[in-house]
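# Structure assessment
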Amino acid sequence: MKKILFVNPACLDRRVTDEDATMVPIGLFYLAALMMENGFETRILNLAQCKTKEAGEALTLFESVLEKEKPDIIGFSVTNPNRHQAMECAERAKKILDPVSILFGGPAPTFMAEFFMGACPDLDFIVRGEGETACLELVRALDEKDLPAKERLSRIKGLVFRDGSGIRDTGPGRGIDDLDSLPHPSRYFRYHHLAMSRGCPGKCTFCGSPRFWGKSGVRFHSAQWFADEVRALAEKGVSHFFISDDTFTMDRDRVMEFCRLISDLSITWNAISRVDFIDRELLIQMRKAGCIQISFGVESGSDKIKKILGKPLSNEKAVRAFSLTTAAGIMPRAYFIYGSPGETRKTIRESIDLLHRLRPLGAVFYMLVLFPGTHLYDHARQKGLVFDKIWNEKIEDLPWFELDETLDFARVKAYGNQLRQAFYQGLENFAQTLELDEDPSLAPFHADFLSRLAMTFFSGDYAKDPRIQAPARTAEHLFKRALDSHPDFRAFMGLGMLFQKQKKFEDGIRVMTRGLTHYPGSRDLCIGLGISFMNLGKFEQALDHFTPLGEDEAVRPYIDICQQKISG
């Protein structure tokens with residue numbers, strides 16, 4: 001039986017804040033689980049998690065794994081940003097192992113098979129689009145000896161391979177109609193990025209997802225299968241999930257059933273949706289099932305720009321969706337794109353005006369870049385503005401402004417700065433004046449939501465951002481509002497620590513003492529109270545809170561100090 005290694009290469013540029021770029025794509029977990037279910041020894045190697053910028057660290061790790069594992073087949077999940085490391089690894093593999101078969105899959109080779117076959121002489125196979133069926137058939141074919149290799153490979157749909165001096169493309173692959181027929185990756189792996197569906201009904205001109213999934217349309221796991229996967233991962237210790245469907249709430253009834261099935265789990269999760277697939281009842285059920293953030297692709301406030309981007313959704317729908325999401329106690333996050341065809345100061349002003357109406361509590365601003373497989377890239381190529389050979393260069397992507405005579409880097413950068421400035425200037429007001437649904441059953445969820453948001457201003461990203469004028473004041477407001485909604489441990493602890501940091505020790509003691517009435521014996525509250533009493537010189541009271549924790553090594557030094565002070 002063939003031994004398989006799947007690899008997630010690192011991107012060309014180091015990621016500072018984009019955690020998604022270091023995660024193993026969910027597709028590799030599906031593929032590896034399918035291979036293992038069929039008896040093939042399989043491992044996943046994540047080179048994207050190498051911590052330094054130097055590519056040499058990842059390549060050294062890759063070589064050491066090859067020498068130890070000696071796989072027969074190495075499959076790479078390839079995107080435009082990580083394509084160079086994938087090709088470098090393929091070259092190293094061919095030098096270290098003989099024989100070894102090199103396989104590329106993912107969006108970049110799906111849309112540029114001819115380019116990769118030419119740019120990477122060590123590449124043997126490309127699986128285009130959805131990979132499970134073709135990949136399993138390929139692995140079996142490489143094990144099979146009854147037929148000539150060319151005949152074995154030609155039977156596999158969705159495969160590109162070398163045929164003498166040429167390249168053979170067997171045509172579109174076969175999508176999987178019944179996603180529940182796939183084995184649960186959780187049987188073999190622990191991970192936290194999931195998807196209940198494949199495909200997207202949208203026609204965004206900047207996105208390659210619809211073409212990647214082919215003509216199979218949007219397909220779904222059943223709510224039960226997906227809930228079983230989440231439950232199995234929760235039992236392995238995963239407490240927070242990222243659900244990465246292009247539009248998670250597209251099938252409303254399926255999502256409602258999923259929420260019902262996981263309602264007993266103590267987990268949280270983020271999702272992605274569209275502003276026209278949201279309603280109050282659905283959001284409340286999602287919140288009660290653990291959803292704490294939904295990201296929406298708003299893209300622009302300009303109708304002209306949205307039409308160019310293939311996202312002609314009204315601003316009114318967006319405003320309503322953000323209002324409903326916040327009211328349910330879920331953080332709404334907005335994706336905006338700038339530097340689009342036809343972008344001007346007027347269209348950016350329209351985006352800023354929409355941002356003020358949306359009042360998002362999180363936002364991500366992207367400069368428009370082109371990738372193969374998107375309508376915008378195809379249009380630019382047809383007009384002779386770009387050629388596939390550009391991907392030989394050491395670049396991750398291609399900004400639109402480089403092809404547009406009406407735009408330049410300085411102007412587009414200024415547009416992005418204006419959008420970010422508008423968000424950060426308004427954020428504290430958005431947070432301090434948010435309106436929540438008055439449904440009494442949501443009170444504990446509102447307290448949780450408000451205290452989470454408060455923590456971002458107290459010790460999280462917003463606390464460290466110089467564009468936020470008074471983060472401590474906003475955090476205090478949110479902590480207090482959380483406690484007005486419902487007793488919440490995070491709010492008691494956070495507000496007590498905030499007062500402690502401000503040297504308002506008496507205020508901190510009052511808050512944390514109140515917290516102990518709801519969470520008796522809490523280690524963290526007891527330590528917080530003890531430290532506050534120590535700062536007031538009240539060592540006997542401090543000792544009253546430390547002594548029950550005497551077996552805790554972290555508390556022992558505080559006990560010793562208090563005893564020394566008391567004994568004089």
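The notes below deal with the structure included here.

A separate point is the overall build of the protein. Broken down by element type, the protein carries 24 helices and 17 strands. In summary, the protein has a C-alpha radius of gyration of 27 Å against a globular reference of 24 Å for 568 residues, a match within 12%. When its C-alpha atoms are laid out on the principal axes, the protein stretches across 90 × 60 × 45 Å. Scored against the burial criterion, the 568 residues of the protein give a buried share of 54%. A separation of at least 24 residues holds for 69% of the contacts in the protein among residues at least 6 apart in sequence. A total of about 25,700 Å² of accessible surface is found on the protein, and carbon and sulfur atoms cover 50% of it. Side chains of the protein give 74 positive and 77 negative charges; the mean places of these two sets differ by 3 Å.

Before going further, it helps to spend a moment on the environment of Gln49. Assignment of secondary structure puts Gln49 in the loop between strand S2 (41-46) and helix H2 (55-69). Residue classification places Gln49 among the partly exposed positions, given a relative accessible area of 47%. Dropping the residues within four chain positions of it, Gln49 is found in contact with Thr22 and Met23.

Within strand S1 (residues 3-8), six of the six residues are buried, which leaves it mostly tucked inside the rest of the structure. The side-chain alternation of S1 yields two buried faces, one formed by Lys3, Leu5 and Val7 and the other by Ile4, Phe6 and Asn8. In terms of strand pairing, S1 meets S2 through six bridges, oriented parallel. Note on S2: the bridge partner recorded for Val7 is Leu45. Two elements, S1 and strand S3 (residues 73-77), share four bridges in a ladder whose sense is parallel.

In this section: helix H3 (residues 83-96). End to end, H3 covers 20 Å across 14 residues, agreeing with the expected 20 Å (1.5 Å per residue, within 8%). When we look at burial in H3, the residues that qualify are Arg83, His84, Gln85, Ala86, Met87, Cys89, Ala90 and Ala93.

Turning to the pattern of salt bridges, a few remarks are in order. Counted according to the given criterion, the structure contains 40 salt bridges. Across the pair Arg467 and Asp465 runs a salt bridge, and its minimum N-O distance is 2.8 Å. Relative accessible area serves as the criterion here: at 37%, Arg467 is assigned to the partly exposed category. Since its relative accessible area comes to 12%, Asp465 is described here as buried.

On to the side chain of Asn82. Here Asn82 lies in the loop between S3 and H3. For Asn82, the side chain forms a polar contact with the main-chain nitrogen of Thr79, separated by 2.9 Å. Excluding anything up to four places from it in sequence, Asn82 contacts Asn8, Pro9, Ala10, Cys11 and Ser77.

Here we come to helix H24 (residues 556-567). The end-to-end C-alpha distance of H24 is 17 Å, a good match for the 16 Å that twelve residues give at a rise of 1.5 Å each. Where H24 ends, the next residue or the one after it, Gly568, has phi of about 85°, a positive value.

The strand order S2-S1-S3-S4-S5-S6-S7 describes an open sheet built from seven strands, whose pairing is mixed. Two strands in the sheet have a free side with no partner beyond their single neighbour: S2 and strand S7 (166-169). When strand polarity is set aside, the average angle formed by the axes of neighbouring strands in this sheet is 20°. Pairing geometry for strand S4 (residues 101-105) and strand S5 (residues 125-127), over three bridges, is parallel. Bridging across to S5, Leu103 finds its partner in Phe125. Strands S1, S2 and S3 of the sheet are contacted by helix H1 (residues 26-37), whose axis makes an angle of about 175° with S1. The strands that H3 touches are S3 and S4; relative to S4, the one it contacts most, it runs at about 170°.

Basis of the calculations
Residues numbered from 1 in each chain as written. Predicted model: local features only at pLDDT ≥ 70, side-chain atom pairs only at ≥ 80, totals over all residues. Heavy atoms only, no water. Helix = DSSP H or I, 4+ residues; strand = E, 2+ residues; numbered from the N terminus. Rg over C-alpha atoms; globule rule 2.2 N^0.38 Å. Buried < 20%, exposed > 50% of the residue type's maximum accessible area, 1.4 Å probe, protein only. Contact = heavy atoms within 4.5 Å. Areas by Shrake-Rupley, 256 points an atom, 1.4 Å probe, with all protein chains shown as cover. Lys, Arg positive; Asp, Glu negative; His and termini not counted. Charge placed at Lys NZ, Arg CZ, Asp CG, Glu CD. Pairing = 2+ DSSP bridges. Expected span 1.5 Å × (residues − 1). Salt bridge = Lys/Arg side-chain N within 4 Å of Asp/Glu carboxyl O. Polar contact = N/O pair within 3.5 Å; in protein donor to acceptor, adjacent residues only side chain to side chain. Axes fitted to C-alpha atoms, helices over the stretch in contact; angles between N-to-C directions.

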